[in-house]
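Residues per chain, in single letters:
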Amino acid sequence: MGFVFGPVPSRRLGLSLGVDLVPPKYCSYDCIYCQVGATTKRTIQIKDYVPLADVMEELRQRLSLCNPDVITLSGSGEPTLNREIGLIIERIKEVSDRKIAILTNGSLLWKEEVRQRLLEADIIMPTLSTAVEATFNRIHRPHPELGLPKVIEGLRSLKKEFRGFIGLEVMLISGLNDRDAELRELKQVVDELEPDQVQLNTVVRPPADASALPLEGARLEEIEKFFGAKARIISHNRRERQGSGQVSLRDSVLEVVKRRPLTASDVARVLKAPLGEVEILLRGLTRKGDLTERRHGHSVYYVAKGS
Ligand code: SF4
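Residues numbered from 1 in each chain as written. Predicted model: local features only at pLDDT ≥ 70, side-chain atom pairs only at ≥ 80, totals over all residues. Heavy atoms only, no water.

(A) The sheet that holds strand S9 (residues 197–202), seen in detail. Strand order in the open sheet formed by eight strands is S1-S2-S5-S6-S7-S8-S9-S10, and the pairing between neighbours is mixed. With partners counted over all chains shown, the strands left at the sheet margins are strand S1 (4–10) and strand S10 (231–233), one partner each. Each adjacent strand pair in this sheet contributes to an overall mean axis angle of 25°, direction not counted. (Pairing = 2+ DSSP bridges. Helix = DSSP H or I, 4+ residues; strand = E, 2+ residues; numbered from the N terminus. Axes fitted to C-alpha atoms, helices over the stretch in contact; angles between N-to-C directions.)

Dropping the structure here:
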């Protein structure tokens, strides 16, 4: 157990229920900005990393407790390393009508077998942060058998074959890939790839390497204009500038309770948060009038205002 996490409000996907398809931290990259931490096993070996039956059992249980907008295959590493990802998509579609999203670094999309496995997903969000090989190597520290031309080739093929939504993530790091000349080269490639959306991100959570620094909000906004109508800033910086702040445990609690009445233990289990912390938050939200308590049998359920 421990393959399913959330649902948590996601800036890109709405309320997202995550499924972890590789153990920490198997990845084909070792990105300097990674929020999961340093890659302990840098690999491009495709195999069955997690037991499919256990993943599906946990997912079914979690879906009986919540109603996410999307089921996201991601994890503490690169999900396309999992050979069964196509089968998992198929099984999820049998038990849920929620959209299925794949968060991938895109490094293995040049392999036809990998692309084929993803074709039944609804949303694919691969990463392309630079069109300059030296910068690519500095940012992603890829497995030695990977290179930027292969990654771009994979994205090109994906665009031809995939009928769903492609949100291309561009991770921007101060002083590394944010210079005008670099961005011009990247834009040429992005324009040719024609993703549905260009998602501009920066380092908003503690990175694996402390040298990975975020861009200022004003610079992100300049880059958003430069990339044109399909570009959208997805990092927290703009939201913080606008005063809405990061997605917090409080927001997550409100989101899950809004969907259906839950006890404190349900909420703690769904959000994988400490029960004590959740109880304090629920009591605070009840005092403020955002939630009400309803007794049913021996249990206290929390209900969102207006439900
Ligand atoms: S690809 Fe994703 S999981 Fe892998 S090192 Fe980079 S940020 Fe971390």
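Still more to cover.
(B) Quick look at the domain arrangement of the protein. For the protein, the assigned domains read domain 1 (4–241) and domain 2 (249–304). The C-alpha centroid of domain 2 is placed 31 Å from the C-alpha centroid of domain 1. Taken together, the 13 residues of domain 1 in the interface contact twelve residues of domain 2. In terms of surface lost to domain 2, no three residues of domain 1 exceed Pro 9, Leu 15 and Leu 65, which account for 48% of the buried area on that side. Linking domain 1 to domain 2 there are zero salt bridges. Our count for the domain 1 to domain 2 interface comes out at zero residue pairs in polar contact (both at pLDDT 80 or more). Within the residue set of the side of domain 1 that touches domain 2, elements represented by two or more residues are S1 and helix H1 (52–63). At five residues, S1 tops the list of elements feeding residues into the side of domain 1 that touches domain 2. Looking at the side of domain 1 that touches domain 2, its residues break down into seven nonpolar, three polar and three charged. (Domains from an automatic or database assignment. Contact = heavy atoms within 4.5 Å. Buried area = accessible area lost by both parts, 1.4 Å probe. Salt bridge = Lys/Arg side-chain N within 4 Å of Asp/Glu carboxyl O. Polar contact = N/O pair within 3.5 Å; in protein donor to acceptor, adjacent residues only side chain to side chain. Nonpolar A, V, L, I, M, F, W, Y, C, P; charged D, E, K, R; others polar.)

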